[in-house]
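Residue strings, one per chain:
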Amino acid sequence: MTATLSPSEQANRRPGVLGVHSIDHVHFSVPVMGEAQRFYGAFGLDLRLKGETLDLHTRGNAHRWVALT
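Structural notes, computed from the coordinates. (Residues numbered from 1 in each chain as written. Predicted model: local features only at pLDDT ≥ 70, side-chain atom pairs only at ≥ 80, totals over all residues. Heavy atoms only, no water.)

With that settled, the discussion passes to the layout of surface pockets. Its boundaries defined by the atoms lining it, the largest pocket holds a volume of some 270 Å³. Looking at the lining of the largest pocket, its residues break down into three nonpolar, four polar and two charged. (1 Å grid on protein atoms, 1.4 Å probe; cavity = no way out; pocket = protein on both sides within 12 Å on 5 of 7 lines; lining within 4 Å. Points joined across faces, edges and corners; volume = space filled by probe spheres on them. Nonpolar A, V, L, I, M, F, W, Y, C, P; charged D, E, K, R; others polar.)

Following the criterion strictly, the structure yields four salt bridges and no others. Across the pair Asp55 and Lys50 runs a salt bridge, and its minimum N-O distance is 3.7 Å. Judged by relative accessible area, Lys50 falls into the exposed class, the value being 53%. If you follow the salt bridges from partner to partner, you end up with Asp46, Arg48 and Arg59 in one network. (Salt bridge = Lys/Arg side-chain N within 4 Å of Asp/Glu carboxyl O. Buried < 20%, exposed > 50% of the residue type's maximum accessible area, 1.4 Å probe, protein only.)

Here the focus is the packing of aromatic side chains. The tally for this structure, following the rule as stated, stands at two aromatic pairs. When the ring of Phe39 is compared with that of Tyr40, the centres are 5.0 Å apart and the planes differ by 90°; the resulting orientation is edge-to-face. Here Tyr40 falls in the partly exposed class, since its relative accessible area comes to 22%. A ring pair is formed by Phe39 and Phe43, whose centres lie 5.2 Å apart and whose planes are at 75°; its orientation type is edge-to-face. Here a set of aromatic residues connected by ring pairs shows up, and it is made of Phe39, Tyr40 and Phe43. (Phe/Tyr/Trp six-rings, centres within 6.5 Å; stacked < 30°, edge-to-face > 60°.)

Okay, the nonpolar core next. One broad rule of soluble globular proteins: the nonpolar side chains tend to lie buried together. Listed in full, the five residues of the largest apolar core are Ala36, Leu54, Leu56, Val66 and Leu68. Mapped onto this core, the elements with two or more residues apiece are strand E3 (53–57) and strand E4 (66–68). Ignoring sequence-local partners within four residues, the contact set of Val66 consists of His25, Val26, Phe28, Leu54, Asp55 and Leu56. (Core = buried A, V, L, I, M, F, W, Y, C linked by side-chain atoms within 4.5 Å. Helix = DSSP H or I, 4+ residues; strand = E, 2+ residues; numbered from the N terminus. Contact = heavy atoms within 4.5 Å.)

We now examine the side chain of Asp55. Within the fold, Asp55 resides in strand E3. Assessed through its relative accessible area of 3%, Asp55 is described here as buried. Residue contacts for Asp55: discarding those within four places in its chain leaves Asp46, Leu47, Arg48, Lys50, Arg64, Val66 and Ala67.

Read across the open sheet, the four strands follow the order E1-E4-E3-E2; overall the sheet is mixed. Two strands in the sheet have a free side with no partner beyond their single neighbour: strand E1 (26–28) and strand E2 (46–50). Neighbour-to-neighbour, the strand axes of this sheet turn through a mean angle of 25°, independent of strand direction. The sheet contact formed by E2 and E3 spans five bridges and is antiparallel. When the bridges of E3 are listed, Arg48 appears paired with Asp55. (Pairing = 2+ DSSP bridges. Axes fitted to C-alpha atoms, helices over the stretch in contact; angles between N-to-C directions.)

Given below as C-alpha cells:
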C-alpha cells in the first residue's frame, strides 16, 4: 500500500528512520486487583474482567486502552 503524504508530513520525515504511529494499549502489573478495580472504577471507566486480566475501556467504546494484571 502506498500513501500520499502532505507537504507538512513529508517535511517531518527523515529517510531511513522509523517512528511510532500509535499505541494499541498499555499493560500494567498491579499488586492488588481489587484496589485497582476500585481506583479505576472511580473514574467511570468501563472495567471488564477477563480471567485474571482487568481491561479498561471508555464507555461505549470497544477499544481496550489498558490491561491490568
